Amino acid sequence: MSEYTIISPVNGKAHATVKLSSEAQAKEAVGRAAAAFPKWRATPLATRIQLVAKFVDAFVARKDELAEELSWLMGRPKSQTPGEIRGFEERARHMISIAEGSLKDVPALPKKDGFHRFIRREPLGLVFVIAAWNYPYLIAVNGVVPALLAGNTVILKQAPQTFPCAERFGAAFEEAGLPTGVFQFLHVDHDVAASIIRNPSVAHVLFTGSVRGGREVAKIAAERFIGVGLELGGKDAAYVRRDADVDNAAENLVDGAMFNSGQSCCGIERVYVHEEIHDALVQKMVEVAKAYKLGDPLSSDTNLGPLVRTESADLVRAHVKDAREFIGAAQNQRCTRLPAADVSFSVSKGAKAHLEETSFTASKIGTPYLAPQILTDVTHSMRVMTEESFGPVVGIMRVRDDAHALSLINDSDFGLTASIWTKDAKVAAELADEIQTGTVFLNRCDYLDPALPWTGVKDSGRGVTLSAIGYDAGRWCGKGLEIRPSDAAQELPL
C-alpha cells in the first residue's frame, strides 16, 4: 500500500504520513455506501437532521485541536484558524435549519381538477465530494451536510495536504452515531479518484480545485452522464467608486487580499479605483499592509503565515517579476498618459511595487514564506492581473468611471465574486447586474453567506452549494407525481 507524506509549511518538515487506499479498497467503500443508501434514504428527515446536528456538535467540541492542526497543515496563523471552525458551524447549522422547507414536496401549479400533482425531491444516491486544501472544512461542509440531509450517502476525499481533515469528519460522524456506510472518507491518489467517479454506483460529484482538475473531473463524469458541481479558480475584483469610504475600503481590501496568505477562493486579487481617489486608496492600503506580521503561524502576533508550499510562493514571485519587468505595446500606450517624469520609470520597470520585501524578515526565496505586495501601474497584459495568483499580492488600476471599471472587471476568464465599494447602494445594485460573477458584495468581500447560493461562472465553475438552491443542485432529483384518486373529490394533502 502506498503512502503520502504531508510536509508542513511551518517548518518544512514531515508532519504526518498517510496510507493511501487502493482501487480495490475504494471499490469496497463505494459498495458499502451503495448498500447503506436504501435504508438511509428511507430514514425520516427529522432523524437525519438530528444525526447531522450531533455531528456538528461533536466536531465543534474539538475546535481547539482542529484549529491548531490546521496551522500545522497549511500554515494559517493560529489567530485565524478558529474562524474556519466558526464558519463551518454557521454553514452547517444554517443548512440544517432550512432542510425541512427545502426538501418538502412542491405542489404543481396551477391546480388541475381531478388530479393531485406535486414534485417530490428524491436523493440521488452516492455523492463523491472532493475538497480543496485551502479551507478543508468550509469547502467540505458545503457538500457533505446538505447531501446527507437530502438522503444521499457520501464519500469525502480531501486534498493530500489536508488528508487528516477527512478523518476529523469521520470521527465526529462516528460519535454522532451515523449508520455504517452513510459517510466515509478515503485517502486516494488521482487515478483511484478517477476510478471512483467511473463507478456505476456514484451518482454525483462535487469538486473544488483547479480549472485543470475540474476539466478532468467533468471529462470523466461525462462518460456516465452524471452530474458534476465545480468550484474552480478565481480572480476576484473590487471596484472602489469615487464616493467610497477610502479608509474602510482599504482596510477590508488588504484583509481580503492577504487573509490566509491570499489563498482564498474569493480573495481579492485585483482592485479598480476611481482615478480621483486612487492615490489616497493606495496610500492607505500600503499603510495597512506594512503593519502585517509575517512569521511563525503558531505565534500569537503573526497575522500572515507561509503559503502552503514553496512552489506556490514561487508562482506569486513570478507574477510580481513579470509585472515589474513588463514592457509592451499596452504598457507603452499607458505610459503616454503618465506625467513625463514617470514615463522612463514605468517603461523600464513596469509595475510599481509598494512594499519592500526586506521589511518582512521571514520572507525568503526557496521557502513558502513570502512578503505581501501591492502593485500599481499594472495592466491586463500582466499575469498578475489575469491569472490566479493565489497569494499575498494585489494589483491596483485607476479607472475613469463605472463603465471603465465594468469592462475591466468582466475582462477575465473567471467569475466567482466581485465587490463594489460605494455609499450609493442603488447604483451598486445596477452595477451588480452587469458584473459577470456568481456573487457581488457591497462594502465587504471574501465572505460566504450560507443563506445565499455559492456559485461561479466562466472558468470559476458551475453548480451551486449553500442556500435553499444548494439543495436543488445535485443533492436530489425531482420526481413528478400525478395522482388521480378514485374519488375525484378526495383531497390529498402534501
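Everything quoted here is computed from the prediction, not taken from an experiment.

Is there a simple way to think about the packing of helix H10 (residues 246–258) against helix H11 (residues 278–290) in this case?
Helix packing geometry: the angle between the two helix axes and the distance between the axes. At a closest axis distance of 9 Å, the pairing of H10 and H11 adopts a crossing angle of 45°. By the angle class used here, H10 and H11 are oblique. Considering the relative orientation of H10 and H11, their crossing is right-handed. Along the contact surface, H10 presents Val246, Asp247, Ala249, Ala250, Glu251, Leu253 and Val254, while H11 presents Ala280, Leu281, Lys284, Met285, Val288 and Ala289. Residues of the contact of H10 with H11, tallied by class, amount to 10 nonpolar, no polar and three charged.

Help me understand the environment of serine 97 in this model?
Looking at the secondary structure, you find serine 97 in helix H4 (residues 82–97). Serine 97 gets classed as exposed once you look at its relative accessible area, which sits at 54%. Separated by 64 residues in the primary sequence, serine 97 and glutamine 161 have C-alpha atoms spaced 32 Å apart. Among the polar contacts made by the side chain of serine 97, one reaches the main-chain carbonyl oxygen of histidine 94 at a distance of 2.6 Å.

Could you clarify how one ought to interpret the confidence of the model for the protein in this entry?
In low-pLDDT regions, the fine details of the predicted coordinates are not to be read closely. In the predicted model, the protein carries a mean pLDDT of 93, and 92% of its residues have values of at least 70. A low-confidence stretch, residues 329–349 (pLDDT under 50), is modelled with 28 contacts involving residues beyond four sequence positions or located in other chains.

When you look at the nonpolar core in this model, what are you seeing that I'm missing?
One recurring pattern in soluble globular proteins: nonpolar side chains tend to sit buried together. By size, the foremost hydrophobic cluster in this structure holds 65 residues, and its most contacted members are Phe55, Phe59, Phe88, Val144, Leu156 and Phe169. With 10 residues, helix H6 (residues 136–149) is the single largest residue contributor to this core. Apart from the residues within four sequence positions on either side, phenylalanine 169 is in contact with Phe55, Phe59, Phe88, Tyr137, Ala140, Val141, Val144, Leu156 and Phe183. In terms of nonpolar packing, the next biggest core, distinct from the first, is built from 33 residues, Val240, Ala244, Ala289 and Leu355 among them.

How should I be thinking about the packing of aromatic side chains in this particular structure?
Scanning all chains against the criterion turns up 14 aromatic pairs. Between phenylalanine 55 and phenylalanine 169, the aromatic rings sit 5.3 Å apart at their centres with planes inclined by 75°, giving edge-to-face as the arrangement. Of this pair, phenylalanine 55 sits in helix H2 (residues 45–60) while phenylalanine 169 sits in helix H7 (residues 163–176); the two residues are 114 residues apart in sequence, bridging distant segments of the chain. An identical accessibility class is assigned to phenylalanine 55 and phenylalanine 169; each is buried. Measuring from centroid to centroid gives 6.4 Å for phenylalanine 169 and phenylalanine 183, while their planes differ by 50°, and the two rings are tilted. Of this pair, phenylalanine 169 sits in helix H7 while phenylalanine 183 sits in strand S7 (residues 183–185); the two residues are 14 residues apart in sequence, bridging distant segments of the chain. For the pair formed by phenylalanine 169 and phenylalanine 183, the shared burial category is buried. Taken together, the ring pairs in this structure connect Phe55, Phe59, Phe88, Tyr137, Phe169, Phe173 and Phe183 into an aromatic cluster. Lying across the ring of phenylalanine 115, lysine 112 places its NZ or CZ 4.8 Å from the centre.

Sorry, what's going on with unusual backbone geometry here?
If a residue is not glycine, its phi is most likely negative; likewise, a peptide bond is most likely trans. Between leucine 109 and proline 110 the backbone carries a cis peptide bond, its omega angle lying at 0°. Of note, proline 110 is situated in the loop between strand S3 (106–107) and strand S4 (116–123). Look at phenylalanine 390: it is not a glycine, yet its phi comes out positive at around 55°. Topologically, phenylalanine 390 is positioned in the loop between strand S13 (373–376) and strand S14 (393–399). Looking at phenylalanine 390, the relative accessible area reads 18%, which means it is buried. For lysine 458, which is not glycine, the phi dihedral falls at a positive 55°. In this fold, lysine 458 is placed in strand S18 (residues 457–458).

Parameters and conventions
Residues numbered from 1 in each chain as written. Predicted model: local features only at pLDDT ≥ 70, side-chain atom pairs only at ≥ 80, totals over all residues. Heavy atoms only, no water. Axes fitted to C-alpha atoms, helices over the stretch in contact; angles between N-to-C directions. Helix = DSSP H or I, 4+ residues; strand = E, 2+ residues; numbered from the N terminus. Parallel < 35°, antiparallel > 145°, perpendicular 65-115°, else oblique. Left-handed = near helix turned anticlockwise from the far one by under 90°. Contact = heavy atoms within 4.5 Å. Nonpolar A, V, L, I, M, F, W, Y, C, P; charged D, E, K, R; others polar. Buried < 20%, exposed > 50% of the residue type's maximum accessible area, 1.4 Å probe, protein only. Polar contact = N/O pair within 3.5 Å; in protein donor to acceptor, adjacent residues only side chain to side chain. pLDDT = per-residue confidence, 0-100. Core = buried A, V, L, I, M, F, W, Y, C linked by side-chain atoms within 4.5 Å. Phe/Tyr/Trp six-rings, centres within 6.5 Å; stacked < 30°, edge-to-face > 60°. Lys NZ or Arg CZ within 6 Å of the ring centre and 35° of its normal.

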